[in-house]
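Understanding the architecture of this molecule
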Amino acid sequence: QVQLVESGGGLVQPGGSLRLSCAASGSIFSINTMGWYRQALGKQRELVAAISSGGSPTYVDSVKGRFTISRDNAKNMVYLQMNGLKPEDTAVYYCNAEIVRSLWLRAQDYWGQGTQVTVSS
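This structure is a prediction, so every number in the text was calculated from the model and none was measured.

1. Brief notes about the nonpolar core
- If you look at the biggest cluster of nonpolar residues, it comprises 28 residues, and the most contacted ones within it are Trp 36, Leu 80, Met 82 and Tyr 93.
- Counting residues per element, the ones that place at least two in this core are β1 (2-7), β3 (18-26), β4 (30-39), β5 (46-51), β7 (67-72), β8 (77-82), β9 (91-100) and β11 (115-119).
- When residues of this core are assigned to their parent elements, the largest contribution, 5 residues, is made by β9.
- The contacts of Tyr 93, once residues within four sequence positions are left out, are Glu 6, Leu 20, Trp 36, Tyr 37, Arg 38, Val 48, Phe 67, Leu 80, Met 82, Gly 114, Thr 115 and Val 117.

2. Digging into the packing of aromatic side chains
- Using the criterion set out here, one finds 1 aromatic pair in the structure.
- Taking the ring centre of Trp 111 as reference, the NZ or CZ of Arg 45 above it sits at 4.7 Å.

3. Comments concerning the sheet that holds β8
- Reading across the sheet, the 4 strands line up as β1-β3-β8-β7 and stay open at both edges, with antiparallel pairing between neighbours. Strands with a single pairing partner mark the edges of an open sheet, and in this sheet they are β1 and β7. Here the average twist between neighbouring strands, direction ignored, is 15°.

4. Here's the deal with the state of the cysteines
- Following the criterion strictly, the structure yields 1 disulfide and no others.
- Residue pairing for Cys 22: its cysteine sulfur links by disulfide to Cys 95, the two sulfurs lying 2.1 Å apart. Judged by the sign of its S-S torsion, about -80°, the cystine formed by Cys 22 and Cys 95 is left-handed. Taken together, the residues Cys 22 in strand β3 and Cys 95 in strand β9 connect sequence positions 73 residues apart. For the pair formed by Cys 22 and Cys 95, the shared burial category is buried.

Thresholds applied
- Residues numbered from 1 in each chain as written.
- Predicted model: local features only at pLDDT ≥ 70, side-chain atom pairs only at ≥ 80, totals over all residues.
- Heavy atoms only, no water.
- Core = buried A, V, L, I, M, F, W, Y, C linked by side-chain atoms within 4.5 Å.
- Buried < 20%, exposed > 50% of the residue type's maximum accessible area, 1.4 Å probe, protein only.
- Helix = DSSP H or I, 4+ residues; strand = E, 2+ residues; numbered from the N terminus.
- Contact = heavy atoms within 4.5 Å.
- Phe/Tyr/Trp six-rings, centres within 6.5 Å; stacked < 30°, edge-to-face > 60°.
- Lys NZ or Arg CZ within 6 Å of the ring centre and 35° of its normal.
- Pairing = 2+ DSSP bridges.
- Axes fitted to C-alpha atoms, helices over the stretch in contact; angles between N-to-C directions.
- Disulfide = S-S within 2.5 Å.

Here it is as structure tokens:
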């Protein structure tokens, strides 16, 4: 069994900052790409940022220069530092990880339960 648990969401004023954390636990052999997605009300889920096992990040254009993704491989954790938050960043943010559970299994996608981020004055 594998679990992803997010934390760090909340209400923040425009221009403020939040840091999201996601911890992967359970039967884990290795973790490939880890990422953060978000889904605003009435919209499709979109990739916000992803980071490879080697630490190479990618970002959606709308968050470049404001958000930073990082990971701690020893702790099986991924983080999203969000600065300069805007009302349009309001969404439920989901952690995602491609996890290999053993040497004989393929990587599978796992998702966290989501954490609400609301940017409003």
